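Listed below are the residues making up each chain.
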Amino acid sequence: MKIVPCLTLLLGAVISCTAPAFNQSEVEQEVRNMLKSYHQAMETNGLEAEFDFLDNSDDFFWVPPGYTSTLTYDSVRTILKQTAPAIDSISLSWETLSIYPLSRDLASYSGIVSGTMRDTSGNINAMHLIESGTCIRRADGWKLLNGQSAVLPEK
């Protein structure tokens, strides 16, 4: 007869340890809004606007177009600071974007980005990229935690 109370306690402990339910569509919309705001911020404020959207923890990494290995936050920051003065304007938009909520605070995404970048000499370069990554919710909002981008061949 003592088995029933023990099983009840064990079952209660297992149930209380499961992850709380989360609203997947809410997470998806929040991440979608962040990724859209990320592009808008760069269009308005230049490349250095990216810093507001990158997670600056030790867990951050990115593989930019043309790279074959991951870069840390500090490396990405250095590259952006060096490149930003040469960029006059940038405009990016998602052609396709799929977001996969993993938890209340974590989501992966993938999609195709197109846009243009004009340098300070007036040269305009069209961009067509494939990108995938992971976003994480921090106290100050959603951030890009890791990912990769690659240039797609011209259509």
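Just above sits the structure.
Here goes a summary of the coordinates provided. Just so it is clear, the structure is predicted and the values come from calculations on it, not from any experiment.

**Side note on the nonpolar core**
Formed by 34 residues in total, the largest nonpolar core has its most connected members in Val31, Leu35, Leu54, Tyr109, Cys135 and Leu144. Only helix H2 (24-45), helix H3 (73-83), strand E2 (87-103), strand E3 (106-119), strand E4 (124-138) and strand E5 (141-151) provide two or more residues apiece to this core. Top contributing element to this core by residue count: H2, with seven residues.

**Concerning the layout of surface pockets**
One number sums up the size of the largest pocket: a volume of about 640 Å³. As for the largest pocket, its lining consists of 30 residues, and the residues nearest its centre are Glu50, Pro64, Pro65, Leu80 and Leu129. For the lining of the largest pocket, the secondary structure elements donating two or more residues are H2, H3, E2, E3, E4 and E5. Considering every element that reaches the lining of the largest pocket, the biggest residue donor is E4, with five residues.

**A short note on the side chain of lysine 143**
Checked against the element boundaries, lysine 143 lands in strand E5. Owing to a relative accessible area of 8%, lysine 143 belongs among the buried residues under this scheme. Within the local environment of lysine 143, its side chain forms a polar contact with the backbone oxygen of aspartate 52, the two atoms lying 2.5 Å apart. With residues up to four places along the chain from it excluded, the contact list for lysine 143 reads Met34, Asp52, Phe53, Leu54, Asp55, Thr134, Cys135, Ile136 and Arg138.

**Considerations on H3**
Residues three or four positions apart in an α-helix share a direction because the helix packs 3.6 residues into each turn. Along H3, the residues that are buried comprise Tyr73, Val76 and Leu80. Along the axis of H3, the buried positions cluster into a sector of 65 degrees, meaning they face one direction only. Of the exposed residues in H3, those oriented more than 90 degrees away from the buried face are Asp74 and Gln82. The secondary structure elements touched by the buried residues of H3 are strand E1 (61-63).

**Comments concerning the sheet that holds E4**
A sheet is described by the order of its strands in space; here five strands give the open sequence E1-E5-E4-E3-E2, paired in mixed fashion. Two strands bound the open sheet, and with one partner strand each, they are E1 and E2. Going from strand to strand, the sheet's axes swing by 25 degrees on average, the running direction of each strand aside. As defined by bridge partners, E4 adjoins E5 across 10 bridges and the pair is classed as antiparallel. Following the sheet pairing, threonine 134 is matched in E5 by asparagine 146. Most of the contacts of H2 go to E2, to which it runs at about 170 degrees, and overall it touches E2, E3, E4 and E5.

**As for the pattern of salt bridges**
Applying the stated rule across the entire model yields eight salt bridges. Among the ionic pairs, arginine 138 bridges to aspartate 55, the shortest N-O distance being 2.7 Å. Placement of arginine 138 in strand E4 and of aspartate 55 in the loop between H2 and E1 is noted, with a sequence separation of 83 residues between them. Here arginine 137 ties to aspartate 105 by a salt bridge, and the two come within 2.8 Å at their closest N and O atoms. Within this pair, whereas arginine 137 is found in strand E4, its partner aspartate 105 is found in the loop between E2 and E3, the two being separated by 32 residues in sequence. Three or more residues joined by partner-sharing salt bridges are found here, namely Glu30, Arg104, Asp105 and Arg137.

Definitions and limits used
Residues numbered from 1 in each chain as written. Predicted model: local features only at pLDDT ≥ 70, side-chain atom pairs only at ≥ 80, totals over all residues. Heavy atoms only, no water. Core = buried A, V, L, I, M, F, W, Y, C linked by side-chain atoms within 4.5 Å. Buried < 20%, exposed > 50% of the residue type's maximum accessible area, 1.4 Å probe, protein only. Helix = DSSP H or I, 4+ residues; strand = E, 2+ residues; numbered from the N terminus. 1 Å grid on protein atoms, 1.4 Å probe; cavity = no way out; pocket = protein on both sides within 12 Å on 5 of 7 lines; lining within 4 Å. Points joined across faces, edges and corners; volume = space filled by probe spheres on them. Polar contact = N/O pair within 3.5 Å; in protein donor to acceptor, adjacent residues only side chain to side chain. Contact = heavy atoms within 4.5 Å. Arc of directions from axis to C-beta. Pairing = 2+ DSSP bridges. Axes fitted to C-alpha atoms, helices over the stretch in contact; angles between N-to-C directions. Salt bridge = Lys/Arg side-chain N within 4 Å of Asp/Glu carboxyl O.

Take it as geometry only, folks, not as evidence of what the structure does.
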